[in-house]
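# Commentary on secondary and tertiary structure
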Amino acid sequence: QVQLVESGGGLVQAGGSLRLSCAASGSIFSRSVMGWYRQAPGEQRELVATITTAGATNYADSAKGRFTISRENAKNTVYLQMNSLKPEDTAVYYCNAGAMWYTYWGQGTQVTVSS
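Residues numbered from 1 in each chain as written. Predicted model: local features only at pLDDT ≥ 70, side-chain atom pairs only at ≥ 80, totals over all residues. Heavy atoms only, no water.

### Observations regarding the nonpolar core
For clarity, the cut-off: The nonpolar core is taken to be a set of buried Ala, Val, Leu, Ile, Met, Phe, Trp, Tyr and Cys residues, with the residues joined through side-chain atoms within 4.5 Å. Burial status follows relative accessibility: with a 1.4 Å probe on protein chains alone, a residue under 20% of its type maximum counts as buried, one over 50% as exposed, and anything between as partly exposed. A helix here means a DSSP run of H or I that spans at least four residues, while a strand means a run of E at least two residues long, and both kinds are numbered starting from the N terminus. Contacts were defined at the residue level, with two residues in contact if any of their heavy atoms lie within 4.5 Å.
In this structure, W36, V78, L80, M82 and Y93 are the most contacted members of the largest nonpolar core, which totals 29 residues. Broken down by secondary-structure element, the contributors of at least two residues to this core are β3 (18-24), β4 (33-39), β5 (46-51), β7 (67-72), β8 (77-82), β9 (91-99) and β11 (109-114). Those residues in contact with L80 that sit more than four places away from it in its chain are L18, R19, L20, W36, V48, A49, F67, T68, I69 and Y93.

This is the structure:
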């Protein structure tokens, strides 16, 4: 059974920073593309950033220059460092582990940015 457990969300003022973590159980982490997605109230879930097994990264335009995704394979953990946060970054952030034949989601962690 694969489990993804996010942590690090919370309430922060605009301009502040948060670091999200996602710890994966099971044996899939090292062969999965890991990603962070977010969903604001009334909106569809959207991509924030992904990182491949080789460390190549991809960011949504809204995240470029402010967010950094990284992974630590020895700890089966992926991180999302979020700087210069804006109120529009408020959402539930979800961790994803995926490959061609599977995708797994975490339960989400709330990020709230106050103005």
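### Observations concerning the pairing of β4
Quick reminder of the rule: When DSSP locates at least two bridges between a pair of strands, those strands are taken to pair.
Bridging between β4 and β9 involves 7 bridges; their strand directions are antiparallel. Within the sheet, the bridge partner assigned to Y37 lies in β9 and is Y94. With 5 bridges connecting them, β4 and β5 associate as antiparallel partners. Of the residues in β5, the one forming a bridge with R38 is E46. The turn joining β4 and β5, which pair antiparallel and follow one another in sequence, is formed by 6 residues; a positive phi near 75 degrees is taken by G42.

### Description of the packing of aromatic side chains
Condition: In summary, the pairing rule links any two rings of Phe, Tyr or Trp, Trp by its six-membered ring, whose centres are within 6.5 Å, and it sorts them by plane angle into stacked for under 30 degrees, edge-to-face for over 60 and tilted for everything else. Should the NZ of a Lys or the CZ of an Arg lie within 6 Å of a ring centre and within 35 degrees of the ring normal, that charge is described as sitting over the ring.
Evaluated as defined, the whole model comprises 3 aromatic pairs. Seen in terms of ring centroids, W101 and Y102 are 5.5 Å apart; in terms of plane orientation they differ by 80 degrees. Their pairing is edge-to-face. You can call Y102 buried: its relative accessible area is 11%. With 5.5 Å between their ring centres and 40 degrees between their planes, Y102 and Y104 make a pair best called tilted. Using a relative accessible area of 31% as the deciding quantity, one classes Y104 as partly exposed. An aromatic cluster is built from W101, Y102 and Y104, whose rings are joined through pairwise contacts. Stacked on the ring of Y94, the Lys or Arg R45 has its end atom at 3.7 Å from the ring centre.

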